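Examining the three-dimensional arrangement
Each chain, written out:
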Amino acid sequence: MAGTNGYAMWRPGEKALYFGPCVARQEEEGRRLFDGFLSAHGGQDIFWDLLPGNSVAVRLASAAGFECRRRLTRMTLKGRGSASPLGNNDQYVYAIAGFEYG
């Protein structure tokens, strides 16, 4: 699924569908992408890993009935030499691709 200011993907898993990654520049777009996914896959078991720094994603998940089942530690590596570390903005990330992708 794609929009003008974001995108969302999903994949089948062994135990449930996995929602993510989902990245959006505005709250309305993140909500629209999630709602579209949920309306197409409602009634199925779904896993959704999100960043607790995105309070909108946390509210969406809670309102949709998701429950926290695990907490993961996000690791980073300082840039080497003259390279700067990769910048990020957790407010744009509504769902990660999976913790196995870093």
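This text follows the structure it describes.
The notes below deal with the structure included here. From a predicted model like this one, the values you see are computed outputs, not experimental measurements.

Along the protein, the regular secondary structure elements total 2 helices and 4 strands. Listed by position from the N terminus, the elements making up the protein come as β-β-α-β-α-β. Within the protein, buried positions represent 29% of all 102 residues. Partitioning the contacts of the protein with sequence separation of at least 6, the portion at a separation of at least 24 is 63%. For the protein, the accessible surface area stands at approximately 7300 Å², while carbon and sulfur atoms represent 53% of it.

Looking now at the pairing of strand β1 (residues 6-12). As defined by bridge partners, β1 adjoins strand β2 (residues 17-24) across 6 bridges and the pair is classed as antiparallel. Bridge pairing links tryptophan 10 to phenylalanine 19 in β2. Hairpin connection, β1 to β2: the antiparallel pair is bridged by 4 residues.

The next thing to look at is the packing of aromatic side chains. Within this structure, the stated rule accounts for 6 aromatic pairs. With a centroid separation of 5.1 Å and an interplanar angle of 85°, the aromatic rings of tryptophan 48 and phenylalanine 66 are classed as edge-to-face. Here tryptophan 48 is found in strand β3 (residues 46-48), whereas its partner phenylalanine 66 is found in the loop between α2 (55-63) and β4 (93-95), with 18 residues between them in sequence. On the basis of relative accessible area, tryptophan 48 is assigned to the buried category, the value being 10%.

Okay, unusual backbone geometry next. Negative phi values dominate among residues other than glycine, just as trans dominates among peptide bonds. In this chain, glycine 20 is followed by proline 21 through a cis amide linkage whose omega measures 5°. Considering the arrangement of structural elements, one finds proline 21 in strand β2.

What follows concerns the environment of phenylalanine 19. Take phenylalanine 19: it is sitting in strand β2. Judged by its relative accessible area of 1%, phenylalanine 19 falls in the buried class. Distance in space between the C-alpha atoms of phenylalanine 19 and phenylalanine 37 is 8.0 Å, their sequence separation being 18 residues. Residues contacting phenylalanine 19, with those up to four places away along its chain left out, are Ala8, Met9, Trp10, Phe34, Phe37, Ile46, Phe47, Trp48, Ala95 and Ile96.

Attention now goes to the nonpolar core. If you look at the biggest cluster of nonpolar residues, it comprises 16 residues, and the most contacted ones within it are Phe19, Cys22, Trp48, Leu60 and Tyr94. Secondary structure elements with two or more residues in this core: β2, α1 (27-41), β3, α2 and β4. Leaving out residues up to four positions away in the same chain, cysteine 22 has contacts with Tyr7, Ala8, Leu33, Tyr92, Val93, Tyr94 and Ala95.

Rules behind the numbers
Residues numbered from 1 in each chain as written. Predicted model: local features only at pLDDT ≥ 70, side-chain atom pairs only at ≥ 80, totals over all residues. Heavy atoms only, no water. Helix = DSSP H or I, 4+ residues; strand = E, 2+ residues; numbered from the N terminus. Buried < 20%, exposed > 50% of the residue type's maximum accessible area, 1.4 Å probe, protein only. Contact = heavy atoms within 4.5 Å. Areas by Shrake-Rupley, 256 points an atom, 1.4 Å probe, with all protein chains shown as cover. Pairing = 2+ DSSP bridges. Phe/Tyr/Trp six-rings, centres within 6.5 Å; stacked < 30°, edge-to-face > 60°. Core = buried A, V, L, I, M, F, W, Y, C linked by side-chain atoms within 4.5 Å.

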